Amino acid sequence: MFTVSEYTVEFVKDPFQILEGKRYEFIIDIAVPEDDELYSEHGLYIRVIYRVADDQGAIVKYDIYERTTDTYQDFDLEDDELAVLQAFCSEHWKEGEE
């Protein structure tokens, strides 16, 4: 399981209105225990596209990257990790409006 160490969130303009609602981009630095398969000595961050429509939010897409090299990591989060990520985004998306 990871923990969030830092994050940013920004409102993303959608000029083509492909998705209903508003979109937000999160960059979330995570701390991962050494015994976790996600672990990287260079650190990791997750880039999340989060959509909010009718006050209901959902993760549209997420990608995991190595912090120092910005290299994409081909891992999927486990269900409990995805639930933590969903809850985090749900709690913080409004900060992108500020």
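For the structure given in this document, a descriptive report is provided here.

The rules behind the values
- Residues numbered from 1 in each chain as written.
- Predicted model: local features only at pLDDT ≥ 70, side-chain atom pairs only at ≥ 80, totals over all residues.
- Heavy atoms only, no water.
- Pairing = 2+ DSSP bridges.
- Helix = DSSP H or I, 4+ residues; strand = E, 2+ residues; numbered from the N terminus.

On to the pairing of strand S2 (residues 22-31), then. A regular strand carries its side chains on alternate faces of the sheet. Alignment of strand S1 (residues 3-12) against S2, held across 9 bridges, turns out to be antiparallel. Bridge pairing links Thr3 to Ala31 in S2. Bridge count for S2 against strand S3 (residues 44-53) is 9 bridges, and the pairing is antiparallel. Among the inter-strand pairings, Lys22 is bridged to a residue of S3, identified as Val52.

Strand order in the open sheet formed by 5 strands is S1-S2-S3-S4-S5, with antiparallel pairing between adjacent strands. The strands lining the two open edges of the sheet, one partner per strand, are S1 and strand S5 (72-73). Here 10 bridges tie S3 to strand S4 (residues 56-66), and the two strands are oriented antiparallel to one another. If you follow Tyr50 over to S4, its bridge partner there is Ile59.

None of the figures reported here should be taken as evidence of function without further support.
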